[in-house]
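In case you want the letters, here they are:
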Amino acid sequence: MNPTALMIMLLSLAIGTTMTLMSHHWLLAWIGLEINTLAIIPLMTKTPHPRAIEAATKYFLTQASASALILFSATMNAWKTGEWSITLLSDPYTITLSMALMMKLGLAPLHFWLPEVIQGIPLSTGLILSTWQKIAPMTLLLQISHLTDLKLLITMGLTSILIGGWGGINQTQLRKIMAFSSIGHLGWMVLILKFNPQLTLFNFLLYITMTAAMFFSLMSISSTKISEISSSWPKSPILVTTTMLVLLSLAGLPPLTGFSPKLLIILELAKQNTLLLASVTMLASLLALFFYLRLTYVMILTLPPHIPPSSTHWRTTKNSPLTATMTTLALLIFPLSPTFMLIM
C-alpha cells in the first residue's frame, strides 16, 4: 500500500476512536464508529485476494448493521427523552444499544463474523481489528454499564466464554485461534461489567497487551499456522519460546499476566455472593485452557530434533523493540496488578 494512503487510514482510525472517546453525544459517537469502520476496510484489502475481499465485505455488512441499530435506537431514545446524552437512556433502547455494541465487539452469539474476517486478512490488520477497533465500542459499553440488564450481560458473557473455548479446539490456523481467544476474553469482561466496571477496564487493557504481544510475535516469525511456529525454532528460538509463554499467559496460568484478571474477576464474583456463577465461569474456562495447552504441547513436540531438515530456516529473525516490550508486559505484569487496580 502507498505510504501516504496508509498514513491517512491510520490517522482516520485514530481520529474515529478519539472522537468516540471524547463524545457525550450518541450522534458524534456513531460518527466516530463509522470513521473507524471505513478506515480499516482499505487495510483489509491491501492484498487483492478473494479471501481478503470476502472478509472486508463480511466486516462491512456486520458493522453497518450494528451501526444502523445504534443510530436508530439513539434516535428513538432522543425522541422519547429529548436528550442525545450517552448516559441518559430509556429502558427499551438500552438493550438494543448494548446488543449493537456487543455485535461490533464480536461477543457470542453475535460472533460469527469475527473468526472468518480475521482469517482472511493479514496479521497486521488482524492486530488492529483485535485491539484498536474494540476500544471505541468497549468505551461506550462501559459508559452505559450501569443501565444495562444484568441477565443480558451474564448470558452473553457465559456464552462467549463457552464459544471462545469450544471454537478454538482443533484449530490449526493461528488467526482463527486468536479470534476465538478474543471472544473468550471479551466474555470475561462483559461478565463482570455490571459488578465492577473498573475491573472490566483493567481486563481490557491486559487483553490488548497480551493480544498485541501475540500478533507482534507471529508477525516477526511470519507464521499463520501451528506447524510454521514450530519450524521457526532455528530462526529464533527465544522468540518461539516467548510466543509459547504468551499463549500460556492468554490461557491465564500463574504467575503470568493473564492470571491476574481471571483471579480478580473470580474474587469479585465471590464477593458479590454469586458463587454458582463463579463456579460455572471457571468450568467454562477449562475449554479455553485445554486448547491453549494443546497448542503449546504440539509446539513442544515438534521442536528440534523432531523437525525434518527440509523445513528449517537458516536466516535469523530480528526482534523489534516493540515486540520485546509487549511480550515483557504480557508475561510479567501480574505482580504489579494491585498497584494498577489502586490507580484505576
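Small disclaimer: the values here were computed from a predicted structure and weren't measured. (Residues numbered from 1 in each chain as written. Predicted model: local features only at pLDDT ≥ 70, side-chain atom pairs only at ≥ 80, totals over all residues. Heavy atoms only, no water.)

A.B. asks: Which residues make up helix α15 (residues 321–332), and what are the values?
C.D. replies: In this model, α15 (12 residues) spans 16 Å end to end at C-alpha, consistent with the 16 Å of a helix rising 1.5 Å per residue. The complete set of buried residues in α15 reads Thr-323, Met-326, Thr-327, Ala-330 and Leu-331. End-on, the buried residues of α15 take up no more than an arc of 130 degrees, which puts them together on one face. With respect to the buried face of α15, the exposed residues turned more than 90 degrees away are Pro-321 and Leu-332. Buried residues along α15 sit in contact with α10 (197–221) and α12 (237–251). (Helix = DSSP H or I, 4+ residues; strand = E, 2+ residues; numbered from the N terminus. Expected span 1.5 Å × (residues − 1). Buried < 20%, exposed > 50% of the residue type's maximum accessible area, 1.4 Å probe, protein only. Arc of directions from axis to C-beta. Contact = heavy atoms within 4.5 Å.)

A.B. asks: Describe the domain arrangement of the protein, and please don't skip the residues or the numbers.
C.D. replies: Entries for the protein in the domain assignment read domain 1 (1–130) and domain 2 (149–343). Relative placement of domain 1 and domain 2: their C-alpha centres are 24 Å apart. Here domain 1 and domain 2 share an interface that buries about 2,100 Å² over both sides, 79% of which is from carbon and sulfur atoms. It is Gln-119, Leu-123 and Leu-127 in domain 1 that bury the most area against domain 2; as a group they hold 31% of the surface buried on that side. The interface formed by domain 1 and domain 2 holds one salt bridge in total. Between Lys-176 and Glu-116 there is a salt bridge, with its nearest N and O atoms 3.4 Å apart. Our count for the contact surface shared by domain 1 and domain 2 stands at six residue pairs in polar contact (both at pLDDT 80 or more). Of all elements in the fold, only α4 (91–105), α5 (113–120) and α6 (123–130) reach the threshold of two or more residues within the side of domain 1 that touches domain 2. Each residue belonging to the side of domain 1 that touches domain 2 can be placed in one class, and the counts come to 15 nonpolar, seven polar and one charged. (Domains from an automatic or database assignment. Buried area = accessible area lost by both parts, 1.4 Å probe. Salt bridge = Lys/Arg side-chain N within 4 Å of Asp/Glu carboxyl O. Polar contact = N/O pair within 3.5 Å; in protein donor to acceptor, adjacent residues only side chain to side chain. Nonpolar A, V, L, I, M, F, W, Y, C, P; charged D, E, K, R; others polar.)

A.B. asks: Go over the pattern of salt bridges with me, naming the residues and quoting the values.
C.D. replies: Tallied over the entire structure, the rule returns four salt bridges. Put simply, Glu-116 and Arg-51 hold a salt bridge, and the shortest N to O gap is 3.8 Å. Of this pair, Glu-116 sits in helix α5 while Arg-51 sits in helix α3 (residues 50–81); the two residues are 65 residues apart in sequence, bridging distant segments of the chain. Residue classification places Glu-116 among the partly exposed positions, given a relative accessible area of 28%. A salt bridge links Glu-54 to Lys-58; the nearest nitrogen and oxygen atoms lie 2.9 Å apart.

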